[in-house]
Amino acid sequence: MAEETENDNNLVPANDRIIPINIEDQMKSAYIDYSMSVIVSRALPDARDGMKPVHRRVLYGMLDLGVTSGKPYKKSARIVGDVLGKYHPHGDSSVYDTMVRMAQDWSLRYPLVDGQGNYGSIDGDPPAAMRYTEARLKKIAEEMLSDINKDTVDFQNNFDDSLQEPTVLPTRIPNLLVNGASGIAVGMATNMAPHNLSEVIDGTIAFIDNRDIEVPELMQHIKGPDFPTGALIYGYAGVQDACNTGRGRIVMRAKAEIEATKSGREQIIVTEIPYQVNKANMIERTAELVNEKKLEGISAIRDESDRTGMRIVYDIKRDANANVVLNNLFKYTALQTSFSVNNIALVKGRPMLLNLKDMIHEFVEHRHDVIVRRTRYELAEAEKRAHILEGYLIALDHLDEVIKLIRNSDTPEDARVGLMEKFGLSDLQARAILDMTLRRLTGLERDKIKEEYAELMKTIDYLKSILEDEELRMKIIKDELIEIKEKYGDERRSQIVHSAEDMRMEDFIDDEEIVITISHNSYVKRTPLSEYKRQGRGGRGSIGTNTREEDFTEHIITASAHNYMLLFTEAGRCFWLRAFEIPEGSRTSRGRALQNIINVPKEEKIKAFILVKNLKDQEYLENNFIIMCTKKGTIKKTSLEAYSRPRANGINAININEGDQLIEACLTTGSSEIVMALRSGRAIRFNESTVRPMGRTATGVRGITLGAESDEVIGMISVNDSETTVLVVSEKGYGKRTDIEDYRVTNRGGKGVKTINVTDKTGELVAIKGVTDNEDLMIINKSGIVIRIAVEELRVMGRATQGVRLINLKDNDEIASITKVDREEESEEESELTEESTENGDSTSEENTDSNEE
């Protein structure tokens, strides 16, 4: 280029056509132009409507083409071609891929396109070619486009200046929050999570009512993201970070249950997977890990998903712990993944990081602007119409003169000018009068014009009041949002569960009184205490739970939702559980397998429970003790402090000898008195101080001596005051209260004294409790029937009597469990079930057989 041209007649140095530019400056300038184009015109959504240009163009192109929700579907190729030719001069795949994604219910929380045909799958299958599929707008998408023809938003020229396209949509839906967005620009990226429409609208209304509202208050309405595929949000810290700052890491977990097959084998059933996870790839990768021996305990993986829903089955080997396998699946596979929130969107054309309040603020400001512009447009149209009607009314008032003037005019132009001059009409009014049809001159039509004018003046006054009153505009925004919520609002899909990092999860849970029930097969649930009503002694009870065959409720515990539960297995291991972590169920539901909640080995049964208010108070931990007893009569005392550091896989609480089992554990202050009872009807009372504190792994000392090989300890209580009476219950429904003083204090390790007169009619002893007049008893039998009676209805009687009937048992039913609950302060409805008289001369009198004491 530096050489001179070969044409000698036209010798012009080439340098004259070259502008020397520094390459560094040129690269900077060109790259900045490119990056700004990508940021503003491609990769980042607008904070007002949550749309990137391609999404906006697809929706507007479909509206332009007339493929609304009430019209027939049109070929996708037709829509794509229209959008390409008019608004989006890029590859057809960019438009079609955008439209496809807006039709997939696993990609968008609220899909905007109604697709017909193969639009791909959650397994990553590609959609059919655009010539095969069809589409139209969904109703919710039309809400985003409503009023677009009323000058509510600015329009700009398209790429060849032949048409106009909207710069933003006048959306009624806070789409940025509701459907989220993701995009990679130059030097920045965005990744915004979808949310529940009902929650977002509630939060937006709360913001409109109080502009100074803080993010934590908004989060009372908008709990967190709500993903299209459901699954669990594991932990709340990331959600709080994302809402407060606009950045945060949200951990998502698949919804998985552990179930047992008829053959006794365990399976992990996955019914929901994290957002944006490819199901087929996840299963394939899991199979590879199993083959590589990196995942142990899985014998087979099957995808049983169908049209009714997702179902992935992991068969567990017989010797494996399903809970451990599930934790490893969460650790090594996409069953647990994270969503990194980065809320960057365009605000007035500039990329900004937005928190929850900022995003709602931008939407409300945009919506307010739309309402103002819409009202101005409607006002101008109404005034224009009113102006014409005023002209009609003038013409009708001077009808004969108007007709005469028109008839005498040579041309329409002469008539127009004549009307304007004679009656003072505007050009618009004169033209409208000349265009009137003869039927408008009838009396009926004249009345209609007057009525229309009167209505129009009311409308004009209302529209002017909207423009003058900001509160009225905000009310309109709220009313339209409530209407949207009623039309399209739905339930949350993604459940938020706590994680180990969430130390303050209890802040989000009411500290209500609850009843925790645990069945023989370790199914657990919590129910509000208020669901159980008190009945009279001897009633038939009410259905307590629907259990599977050969299962029955074994333990009932009353607790506060914030309590810690220490769970002790028969093998002497201790596990921790917050009461609110237990899934809530109705009084008749079966509950959830305990193995789904904590890592209890399936061969071990939970035998004892202790409720603790706090594991952080050092003074409380050091001055309280746990006393445990075993079936063979061993007792052990350990400081509560030894159990104050929860571990996921539990700890050893007591060393259990072969053939023995842990059966009971009590929380004591160190100065209590202990009463232990045997199945044969004997009991022993001794001071707790005679048992010295030992370490966690010790075996303990003898608490009571068994009279026979077949005998065993059925329970233990600790007594701190003289008001407590000893309640014992036999397996056939008989029970009685006895003063603690009737049991003399002896040395631990003795054979005890008679506590109930065991006969064939009463059956053997099954429970011992320390009770007062201010408490109620809840009794449950093996068939699932529950009765609640007041302790004060049971009078105190002698130690060696057989007691009174507490519950009527049918056939061969037996009592399974007994618990005491505090009397509720409010009065309860008395049950209609009347107290039945005791049958066959049940003894309610004291039998003075204290001479049998040994």
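The structure reproduced in this document is the subject of the present report. (Residues numbered from 1 in each chain as written. Predicted model: local features only at pLDDT ≥ 70, side-chain atom pairs only at ≥ 80, totals over all residues. Heavy atoms only, no water.)

Counting its secondary structure elements, the chain contains 18 helices and 41 strands. Residue pairs at least 24 apart in sequence account for 73% of intrachain contacts in the chain once pairs closer than 6 positions are excluded. Here the chain displays about 40,600 Å² of accessible surface, and carbon together with sulfur accounts for 45% of that area. (Helix = DSSP H or I, 4+ residues; strand = E, 2+ residues; numbered from the N terminus. Contact = heavy atoms within 4.5 Å. Areas by Shrake-Rupley, 256 points an atom, 1.4 Å probe, with all protein chains shown as cover.)

With that out of the way, let us pick up the nonpolar core. Counting residues in each nonpolar core, the largest one holds 103 residues, and the members touching the most others are Leu59, Met62, Met99, Leu112, Leu197 and Leu356. Ranked by the residues each element gives to this core, the list is headed by helix H12 (residues 356–397), at 15 residues. Counting 25 residues, the second largest nonpolar core, distinct from the first, contains Ile273, Val277, Leu326 and Leu335. (Core = buried A, V, L, I, M, F, W, Y, C linked by side-chain atoms within 4.5 Å. Buried < 20%, exposed > 50% of the residue type's maximum accessible area, 1.4 Å probe, protein only.)

This part is about helix H10 (residues 279–291). Under the 1.5 Å per step criterion, the end-to-end length of H10 is 19 Å for 13 residues, consistent within 8% with the ideal 18 Å. Burial in H10 covers these residues: Lys279, Met282, Ile283, Thr286, Leu289 and Val290. The buried residues of H10 all sit within an arc of 120° when viewed along its axis, so they share a single face. The secondary structure elements touched by the buried residues of H10 are strand S12 (298–303), strand S13 (312–316) and helix H11 (322–332). The opening residue of H10, the one whose side-chain oxygen lies 3.1 Å from the backbone nitrogen of Ala280, is Asn278. Immediately beyond the C-terminal end of H10, within one or two residues, lies Lys293, with a positive phi of roughly 65°. (Expected span 1.5 Å × (residues − 1). Arc of directions from axis to C-beta. Polar contact = N/O pair within 3.5 Å; in protein donor to acceptor, adjacent residues only side chain to side chain.)

Bringing the sheet that holds strand S26 (residues 625–630) into the picture now. Across a sheet, paired strands are connected by hydrogen bonds in the backbone, their directions being either parallel or antiparallel. Taking strand neighbours across the sheet as the criterion, the four strands line up as S29-S26-S27-S32 in an open arrangement whose pairing is antiparallel. At either margin of the open sheet sits one strand with a lone partner, and together these are strand S29 (662–668) and strand S32 (701–702). (Pairing = 2+ DSSP bridges.)

Another point: a nonpolar patch on the surface. Together, Ile32, Met36 and Val40 give the surface a local cluster of nonpolar side chains, amounting to about 240 Å² of exposed area. Looking at the element boundaries, Met36 is found in helix H1 (residues 23–43). Its relative accessible area of 40% is what places Met36 among the partly exposed residues. (Patch = residues over 30% accessible without salt bridge, like charges linked within 9 Å, V, L, I, M, F, W, Y side chains within 5 Å. Salt bridge = Lys/Arg side-chain N within 4 Å of Asp/Glu carboxyl O.)

The next point concerns the sheet that holds strand S37 (residues 765–771). Within the open sheet, the four strands sit side by side as S37-S34-S35-S40. Their pairing is antiparallel. Pairing within the sheet leaves two strands with one partner each, and these edge strands are S37 and strand S40 (804–805). Both strand S34 (residues 725–730) and S37 contribute to a ladder of six bridges, which runs antiparallel. Considered in S37, the bridge of Ser730 is made with Leu765.

Before going further, it helps to examine the packing of aromatic side chains. Tallied over the full model, the rule gives seven aromatic pairs. Taking the centre distance of 6.0 Å and the plane angle of 65° together, the rings of Tyr60 and Phe155 count as edge-to-face. Taken together, the residues span a long stretch of sequence, with Tyr60 in helix H2 (residues 53–65) and Phe155 in strand S4 (residues 155–157) at a distance of 95 residues. Tyr60 sits in the buried class, given a relative accessible area of 11%. Considering the side-chain rings of Phe568 and Tyr643, the 6.1 Å spacing of their centres and the 75° angle between planes classify their relative orientation as edge-to-face. A residue pair is termed long-range when its members are at least 10 positions apart, and Phe568 in strand S22 (residues 564–569) and Tyr643 in the loop between strand S27 (634–639) and strand S28 (651–652) qualify at 75 residues. For the pair Phe568 and Tyr643, one class covers both residues: buried. In textbook terms, an aromatic cluster arises when at least three aromatic residues are bridged by ring pairs, as seen for Tyr60, Tyr87 and Phe155. When the ring centre of Tyr73 is taken as origin, the NZ or CZ atom of Arg136, which lies over that ring, is 4.1 Å away. (Phe/Tyr/Trp six-rings, centres within 6.5 Å; stacked < 30°, edge-to-face > 60°. Lys NZ or Arg CZ within 6 Å of the ring centre and 35° of its normal.)

Attention now moves to the environment of Thr261. Mapping Thr261 onto the fold places it in the loop between strand S10 (255–260) and strand S11 (266–272). Along the sequence, Thr261 and Asp315 sit 54 residues apart, while their C-alpha atoms lie 9.7 Å from each other. At 3.0 Å, the side chain of Thr261 forms a polar contact with the side chain of Ser263.

Time to look at the packing of helix H14 (residues 412–423) against helix H15 (residues 427–434). One way to put it is that H14 packs onto H15 with a least axis distance of 9 Å and a crossing angle of 125°. By the angle class used here, H14 and H15 are oblique. Between H14 and H15 lies a crossing of right-handed hand. On H15, the residues that touch Pro412, Ala415, Arg416, Leu419 and Met420 of H14 are Asp427, Ala430, Arg431, Ile433 and Leu434. (Axes fitted to C-alpha atoms, helices over the stretch in contact; angles between N-to-C directions. Parallel < 35°, antiparallel > 145°, perpendicular 65-115°, else oblique. Left-handed = near helix turned anticlockwise from the far one by under 90°.)

Attention shifts here to the side chain of Arg374. By secondary structure assignment, the location of Arg374 is in helix H12. For Arg374, the residues in contact, after removing those within four places along its chain, are Asp147, Lys150, Thr152, Arg172, Arg367, Ile476 and Glu480.

Tracing the backbone shows Ile39 in helix H1. With a relative accessible area of 5%, Ile39 lands in the buried category. The contact partners of Ile39, leaving out residues within four places of it in the chain, are Leu44, Ala185, Val186, Met188, Leu346 and Pro351.

Following both chains from N to C, one finds H12 and H15 inclined at 60°, their axes separated by 9 Å at the closest point. The angle between H12 and H15 places the two elements in the oblique class. By crossing handedness, the relation of H12 to H15 is classed as right-handed. Counting all contacts with H12, which are made through Lys384, His387, Ile388, Glu390, Gly391, Tyr392 and Ala395, the residues of H15 involved are Leu428, Gln429, Ala432 and Ile433. Classifying every residue of the contact of H12 with H15 gives six nonpolar, three polar and two charged. (Nonpolar A, V, L, I, M, F, W, Y, C, P; charged D, E, K, R; others polar.)

Right, let's talk about the pairing of strand S39 (residues 785–790) for a bit. Across the six residues that make up S39, a large majority, six, are buried. Burial of S39 is two-sided: the residues Ile785, Ile787 and Ile789 facing one way and the residues Val786, Arg788 and Ala790 facing the other way are all buried. Counted between consecutive antiparallel strands, the loop separating strand S38 (residues 775–781) from S39 contains three residues, among which Gly784 sits at a positive phi close to 95°.

Coordinates in, geometry out; function isn't part of it.
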